[in-house]
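Structural overview for review
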Amino acid sequence: MGNNLKGAKRQNDKAAASSGAKKVKLNNQKSKVTKQESESESESESSSDDLSVSEDGESEEEETSASELDESEDDELDNLDEEQQNEDDLDDLEVGDDEKENSTRPVDPNKKTSKEQHSEQRKLLSDRKLQRKSGAKVQDIKKLWEKVRVNQPAPTKAQRDKLCDEIWELSHDVINDLVLKHDASRVVQTLVKYSDKERRDKIVDALKGSFYQLATSAYGKYLLIKILHYGSKESRAVIVNELHGKLRKLMRHREGAYVVEDLFVLYSTAAQKQQMIREFWGSEYAVFRDSGKGKTIVDIIKESSEKKQLIMQNLYGTIKASVEKGSTGFQILHAAMKEYVSILVEDIDANDSAIRDFIDLLSEQFAELVHTQEGSEVACCLIALANAKERKGIIKSLKTHRSELIKNEYGNVVLITLFMAVDDTVLTYKSFCSEIFTAEELPPLAQDKFSRRPILYILRGLDGKYFAPNVKSALLKYQDLAYQKTSKKDKEVKRQELFDKSIEPIYKALLESRESGEFDKLLSINIGIQFVTDLLTTPTSNEKVNSKLRPELLNTVFDKIIKGDVLEDFHLLNKIPFMSRSVKALMHGNQFKFNNETKKLVQVEDAVEIPGVGVEFAEKTIDEILNNDNLSNWTSGQPAFVLVAAYEVLQLANSKKFKSLQQQLKKEKKNLSKEDKGSNLLLELI
């Protein structure tokens, strides 16, 4: 009995505590709303005080706040109803908790509805706009602008020109008041877009002296980029010259960095780009425009050790500040990094501490470098200069971007440099290759001009057939740089280890891709069939590849290329221009090659025989043609070149199939035409 009473008492205490907590919560909500209302009233009073200041007495801070008000005014209007709704919800909650108290509370007859408050707020904002400098004129200009920018239906050229003339008449004397406001700036952008060269030049003249301010303005920067885009060469030169000496400061500015990047990448000549880069060397080159002109940064640092230290300090300071601001992906910054790395490479031992600091600064930002030519060069040099621990960090930051890295025009060079420089082939294979050599990933990569190069490097090394002389020389330079200090493992051993790990997964991926149809797409593209041919003609000691995987892939290729009616347009020999050359390469294998001096096919001594290709593939092809009595169909067009290749290979190899082919071709001699290039070659052979 006593226990029951104690339990009931605890329940009553708990209920009372719960009720008290609820009341406290409601009181807190009410006080919060009251606080918000008081803050809103104080802000309104402050705004009213600001409005009472005369136009002549406006300070720079008030003009800036006017621009900020333009940006936020729409948000204020949108949030007005929401705040009112929150107040109503709180009132409803209080009624639910204490109906008696609220039901007796008198209703304020002067309280305004949400619609009335919204209307007053809109009127207040409109009055604020009109009270600003050139406020009434801006409103008239915006009305005309609304007609110019409409797209459906778009005004005719004559109508648009007339409207632009009217806008210019109203705005030409107040243009400096427009360009920094978020809405008025868009008016001037439209005017620049649809005006002729003469008016654009007038706008540029009117804005002279304001380009730095525009570049650092949240709204003005868009107008400046518009002028760069649509303006003349003379206008761009004016902007470049005015911003000269201020580029380092702009690169550290959140808004200005984007203007400098566009100016450098899109709108500057080669000479202007060099001028912009020299500015990063230091104050001397920022003040004196022609200082250092015609010289490289290496030439400059060799003149004086003091200049070297000063230039390195200025470059590193600008680069570090920009990286910390999140501007690592900018091409102009990559160009500045390239200048800095050029100094570091000149004396690796003396600059060892600076190299370590620079790699540490960029190790987590490497993915931001590889999409530009300058950034790629920086990344490759740093990979070559890095020690084993630093390379692991670089690989860690890049491996999550492996797909973008291998597909990029410059990124694939960075990946090849990693293959050439990093001694830990297990790490590089797991980080990049294991995810690439799959049935889903490999076929699309193999048919892309750039993404196939790292794979072909693993298969064939720096074969001149795939690597242009400038790319090859650059890669060899990075390799030599890596072996100066860090890399130790033999170059060919390193590539062979990657090859041994990769060859089997590559074959499996291509064989598995037959089910999805990706392999057929690969064969229907010139560079795709070229990749498959090079894979099949690359020797390997892998027993599984030689005994099972290569024969299976060869049979698939044979069925797709040789079998079928060659008279049909959809046959791959007629459809793909490179196909006959691929068949020719499969027949030559490693056993035969074309001698450029004698212009004849010759047999290679001590050649590594590849199962399934060479003479074996040529004999299999001839058997397929002769056994089906299809020889006459193969004596013209692209198929005729296949017969020529088979004839030459079988003749040099003294194959038993040669005489049968020769006799059958002689019977077809009367059907061979000198007008057809392939038929003519067959006539010359027999």
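Residues numbered from 1 in each chain as written. Predicted model: local features only at pLDDT ≥ 70, side-chain atom pairs only at ≥ 80, totals over all residues. Heavy atoms only, no water.

The name that an unreviewed UniProt entry assigns to the protein is Puf6, with the source organism given as Candida metapsilosis.

Description of the UniProt feature "repeat: Pumilio" (unreviewed entry) in the protein
UniProt's entry tags residues 169-205, 206-241 and 242-278 with the feature "repeat: Pumilio" (unreviewed entry), counted in the numbering of this structure. Split by type, residues 206-241 is 75% helix and 0% strand. Its first and last C-alpha atoms lie 16 Å apart. Annotated as residues 242-278, this span is 73% helix and 0% strand, and its ends, taken at the C-alpha atoms, are 16 Å apart. (UniProt positions renumbered as here; feature names shortened; annotations may be inferred. Helix = DSSP H or I, 4+ residues; strand = E, 2+ residues; numbered from the N terminus.)

Observations concerning the pairing of strand 2 (residues 600-603)
Pairing analysis gives four bridges linking strand 1 (residues 592-595) to strand 2, with the strands arranged antiparallel. The residue bridging Lys593 from the neighbouring strand is Val602, located in strand 2. Where strand 1 folds back onto strand 2 in an antiparallel hairpin, the turn is made up of four residues, including Lys599, whose phi is positive at roughly 60°. (Pairing = 2+ DSSP bridges.)

Let's talk about the pattern of salt bridges
Within the structure shown, the criterion is met by 28 salt bridges. Between Asp520 and Lys560 there is a salt bridge whose closest N-O contact spans 3.0 Å. Linking Asp520 in helix 30 (residues 518-523) with Lys560 in helix 32 (residues 543-561), this pair joins segments that are 40 residues apart in sequence. Classification of Asp520 as partly exposed rests on a relative accessible area of 34%. The structure contains a network of salt bridges with shared partners spanning Asp349, Asp352, Arg356, Glu390 and Lys485. (Salt bridge = Lys/Arg side-chain N within 4 Å of Asp/Glu carboxyl O. Buried < 20%, exposed > 50% of the residue type's maximum accessible area, 1.4 Å probe, protein only.)

What about the packing of helix 36 (residues 637-652) against helix 38 (residues 677-685)?
Two packed helices can be described by the angle between their axes and the distance between those axes. Look at helix 36 against helix 38: their axes get within 8 Å of each other, and the N-to-C directions meet at 25°. Regarding the angle of helix 36 to helix 38, the classification is roughly parallel. In this structure, helix 36 meets helix 38 at a crossing whose hand is left-handed. Listed contacts from helix 38 to Ala640, Phe641, Leu643, Val644, Tyr647 and Glu648 of helix 36 are Lys677, Gly678, Ser679, Leu681, Leu682 and Leu685. Its residues assigned to classes, the contact of helix 36 with helix 38 shows eight nonpolar, two polar and two charged. (Axes fitted to C-alpha atoms, helices over the stretch in contact; angles between N-to-C directions. Parallel < 35°, antiparallel > 145°, perpendicular 65-115°, else oblique. Left-handed = near helix turned anticlockwise from the far one by under 90°. Contact = heavy atoms within 4.5 Å. Nonpolar A, V, L, I, M, F, W, Y, C, P; charged D, E, K, R; others polar.)

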